[in-house]
Amino acid sequence: FPSHDSQKRQQLKDLLQVKSNRLYYNHIVPSDIKVNFGEAKFDQAFKVTITRHPYEQLISQAYWLHQGKQRRTLPITQIIDELLAEPAPNSPYYFSKGKKLCDLYLKMESFQEDVVNLENQLGLKIWQNMPITKKSSSGSRPKASEILTNEQKNRVQERSKLEFEYFDYDPS
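Everything numeric in this text was worked out from a predicted model, so none of it was measured.

Quick look at the overall build of the chain now. A tally of helices and strands in the chain yields ten helices and four strands. N-terminal to C-terminal, the α/β element order of the chain is α-α-α-β-α-α-α-β-β-β-α-α-α-α. The buried share among the 172 residues of the chain stands at 29%. When contacts within the chain are restricted to residue pairs at least 6 apart in sequence, those whose partners lie at least 24 apart make up 61%. When the accessible surface of the chain is split by element, carbon and sulfur atoms take 52% of a total near 12000 Å².

As a further point, take helix α2 (residues 30-37). Every buried residue belonging to α2 is among P30, D32, N36 and F37, and all of these are buried. An end-on view of α2 places all buried positions within 155° of arc, on one side of the element. Following α2 by one or two positions, G38 adopts a phi angle in the positive range, close to 100°.

This part takes up the packing of helix α5 (residues 76-84) against helix α9 (residues 150-159). One can describe the packing of α5 onto α9 by two numbers: an axis separation of 10 Å at closest approach and a directional angle of 30°. Classified by the angle their axes make, α5 and α9 are roughly parallel. The interaxial crossing formed by α5 with α9 has left-handed handedness. Of α9, the residues touching α5 (which contributes T77, I80, D81, L83 and L84) are Q152, R155, V156 and R159. A per-class count over the contact of α5 with α9 returns four nonpolar, two polar and three charged.

Looking now at a nonpolar patch on the surface. Where nonpolar side chains cluster on the molecular surface, the patch consists of F46, V48, L122 and L124 and spans about 290 Å² of accessible area. Locating V48 in the fold gives a position in strand β1 (residues 48-51).

Conventions adopted
- Each residue is numbered by its place in its chain's sequence as written, counting from 1.
- In view of the model being predicted, local features appear only for residues whose pLDDT reaches at least 70, and side-chain atom pairs are presented and counted only at 80 or more, with totals across whole chains, interfaces and linings using the full set of residues.
- Hydrogens and water molecules were not included; the side-chain quantities draw on all heavy atoms of the structure.
- Put simply, DSSP H or I for four residues or longer makes a helix, DSSP E for two residues or longer makes a strand, and each gets a number counted from the N terminus.
- Working definition: with a 1.4 Å probe on protein chains only, accessible area under 20% of the residue-type maximum means buried, over 50% means exposed, and in between means partly exposed.
- Here, residues are in contact when the closest pair of their heavy atoms is within 4.5 Å.
- Note on areas: Shrake-Rupley, 1.4 Å probe, and residue coverage restricted to the protein chains presented here.
- This arc is taken over the directions from the axis of the helix to the C-beta atoms.
- A fitted line through C-alpha atoms serves as each axis, taken over the contacting stretch for helices, and the angle formed by two N-to-C directions is quoted from 0 to 180°.
- Angle categories are assigned with fixed cut-offs, so that under 35 degrees is roughly parallel, over 145 is roughly antiparallel, 65 to 115 is roughly perpendicular, and the rest are oblique.
- Two helices cross in a left-handed way if the nearer one is turned anticlockwise from the farther one by less than a right angle. They cross in a right-handed way if the turn is clockwise.
- Ten residues, namely Ala, Val, Leu, Ile, Met, Phe, Trp, Tyr, Cys and Pro, are considered nonpolar, four, namely Asp, Glu, Lys and Arg, are considered charged, and the remaining ones, Gly among them, are considered polar.
- Residues enter patches when they are more than 30% accessible in relative terms and free of salt bridges; like-charged ones are connected within 9 Å and nonpolar ones (Val, Leu, Ile, Met, Phe, Trp, Tyr) within 5 Å.
- Throughout this description, the term salt bridge denotes a Lys or Arg side-chain nitrogen within 4 Å of a carboxyl oxygen of Asp or Glu.

Structure, rendered in structure tokens:
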């Protein structure tokens with residue numbers, strides 16, 4: 001029998017092997033990973049992703065767009081309303097046909113604790129080896145629950161119903 005470490009190495013090699021002209025990239029949707037990785041391997045893989053409170057995700061996206069060249073002159077409230085007219089952007093990463101796609105969802109709100117729990121579950125050291133890639137912080141921005149109107153909150157709850165339900169996010 002192959003050792004546990006050699007199995008992990010082989011799984012990593014399989015993951016990194018591109019099976020088409022597509023590349024793996026940040027924010028790749030699971031349906032594309034499944035095509036590249038192969039359906040059987042994808043279905044057997046232990047899948048982990050990160051989730052964020054839908055209010056915070058919306059405000060983060062709105063501020064990110066507000067900083068962009070195309071939308072700099074629009075008020076942030078208008079950008080929020082435009083985004084609310086679109087489907088919840090993270091749903092394709094979390095769900096397919098109303099069912100969870102991943103085995104584990106790490107919450108941004110408890111990220112370090114969740115990563116440490118994952119380390120314990122897998123027997124790997126992740127946190128100490130994790131690169132810091134985000135250079136800026138949104139710490140000076142008010143909380144999303146303070147920015148959004150009640151009507152906007154209702155719209156977020158409607159479009160992100162499964163996220164509130166499955167991830168126990170507080171709608172207040």
